[in-house]
Amino acid sequence: MSLRHFLSTQDWSRAELDALLDQAAAFKRSRAGHQLAGKSIALLFFNPSMRTRTSFELGAFQLGGHAIVLAPGKDAWPIEFEAGAVMDGDTEEHIAEVARVLGRYVDLIAVRAFPKFQDWSVDREDRVIQAFARHATVPVINMETITHPCQELAHAMALREHLGELRGRKYVLTWTYHPRPLNTAVANSALLIATRMGMDVTLLCPTPEYRLDPRYMDAAEQNARANGGSLRVSHDIASAYRGAHVVYAKSWGALPYFGRWEQEKPIRDAHRHFIVDEGKMALTDHGLFSHCLPLRRNVKATDAVMDSPACIAIDEAENRLHVQKAVMVTLAYQGRDPGPGTRDPGRG
Ligand code: CP
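In this text, all values refer to a predicted model and were calculated from it rather than measured experimentally.

Moving on, we get to the pairing of strand β1 (residues 40–45). Counting buried positions along β1 gives six out of six residues, so the element sits mostly inside the fold. Here β1 shows a buried face lined by S40, A42 and L44 and a second buried face lined by I41, L43 and F45. In the sheet, β1 pairs with strand β2 (residues 66–70) via five bridges, with the strands oriented parallel. Residue I41 lies in a different strand from β2, and its bridge partner there is A67.

What follows is about the packing of helix α7 (residues 185–196) against helix α8 (residues 214–227). Between α7 and α8, the shortest axis-to-axis distance is 7 Å and the interhelical angle comes to 15°. Classified by the angle between their axes, α7 and α8 sit roughly parallel to one another. Both α7 and α8 take part in a crossing whose hand is left-handed. Mapping the contact onto sequence places N188, L191, L192, T195 and R196 in α7 and Y216, M217, A219, A220, N223, A224 and N227 in α8. Split into classes, the residues belonging to the contact of α7 with α8 amount to seven nonpolar, four polar and one charged.

Moving on: the site of the ligand. Around the ligand, a shell composed of S49, M50, R51, T52, R112, H148, Q151, C292, L293 and R320 is seen. Between M50 and the ligand, the recorded distance is 2.7 Å, taken from a backbone N or O atom to an oxygen atom. In this structure, an oxygen atom belonging to the ligand sits 2.9 Å away from a side-chain N or O atom of R112. Calculation on the ligand without its partners gives an accessible area of 260 Å², and the protein chains cover 93% of this total. Taken together, the residues of the shell around the ligand sort by class into three nonpolar, four polar and three charged. A domain split of the shell around the ligand shows at least three residues from each of domain 1 (9–147 + 320–333) and domain 2 (151–315).

Bringing the environment of I275 into the picture now. With respect to the element layout, I275 can be found in the loop between α10 (261–269) and α11 (278–281). In this structure I275 comes out as buried when scored by relative accessible area, which is 14%. Linking I275 and V246, residues 29 residues apart in sequence, is a C-alpha distance of 15 Å. Dropping the residues within four chain positions of it, I275 is found in contact with K280, N298, V299, K300, A301 and T302.

Procedures and definitions
Residues numbered from 1 in each chain as written. Predicted model: local features only at pLDDT ≥ 70, side-chain atom pairs only at ≥ 80, totals over all residues. Heavy atoms only, no water. Buried < 20%, exposed > 50% of the residue type's maximum accessible area, 1.4 Å probe, protein only. Helix = DSSP H or I, 4+ residues; strand = E, 2+ residues; numbered from the N terminus. Pairing = 2+ DSSP bridges. Axes fitted to C-alpha atoms, helices over the stretch in contact; angles between N-to-C directions. Parallel < 35°, antiparallel > 145°, perpendicular 65-115°, else oblique. Left-handed = near helix turned anticlockwise from the far one by under 90°. Contact = heavy atoms within 4.5 Å. Nonpolar A, V, L, I, M, F, W, Y, C, P; charged D, E, K, R; others polar. Near = heavy atom within 4 Å. Polar contact = N/O pair within 3.5 Å; in protein donor to acceptor, adjacent residues only side chain to side chain. Areas by Shrake-Rupley, 256 points an atom, 1.4 Å probe, with all protein chains shown as cover. Domains from an automatic or database assignment.

Below, the structure is given as structure tokens:
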């Protein structure tokens, strides 16, 4: 059997995603267990984190496993990813060795590696995690690169908890202002999972330049067709919000300006009014609001929205713990039963 990774939800069938969500719900009901007893995971962070690091480390611990956190270039050697590189620069070891050595120690490898924000044609290849997946002898988990599949599961889980069946619900992914151009990962992921769940999805963004990479727009359209939903792009705030059941906010930099961010800045600055506020939420159909966090209050969403009962961002953040347990256990055993005494308590 070939090695299974968790790099993108697109690699997993709808039935498999539903099974992960069911397993996560069981973990939410019963946090402690032994499903990862004797198992270990290396968490490699090329970028900062609060939720991802805490929830993975704690999730492994609560199931009897062990997590090792590494920051290559800081507390671990800087890694070379280019095949055939003459390594006379700053990198000290090659991914070919790093991935295989870690595979001799641990059962799972998880990686966070954001784009470099200089050339989208390079960043869209997702070279760091793809290299880990190519060289590793154990399953690799995406902790956010140019998509954020763990966030997708946590988001879907929170939406199901509050809305039940998601098919046919009106979902708005709204761009919001941020003083810096941010990664498109969560926006890509929001489109993928919302369309996968058969929702009627609107991508609300300031101008056509803020459309997401065609790879994700096309995948989202196919998902919508396959799951009974829809996808449209809007630049009109009022019509996008009207009747929505879910508003998900994220800021991202416009891809045509990748690496030329000083030229994008005036466009971004002109759209600060995309902030999620009470007036916009009043147009929705008692809509829920969420965000992956971290969130700059009163820049992306107002205090009133963040502190309202409609905001489920904290539920979504909590769910990271539960969905990642499901992913770790599923991958660690690759379809094999964890064995007596290690079964998920919520699944009998
Ligand atoms: N949402 C999320 O991934 O949070 P962190 O960046 O804090 O890990």
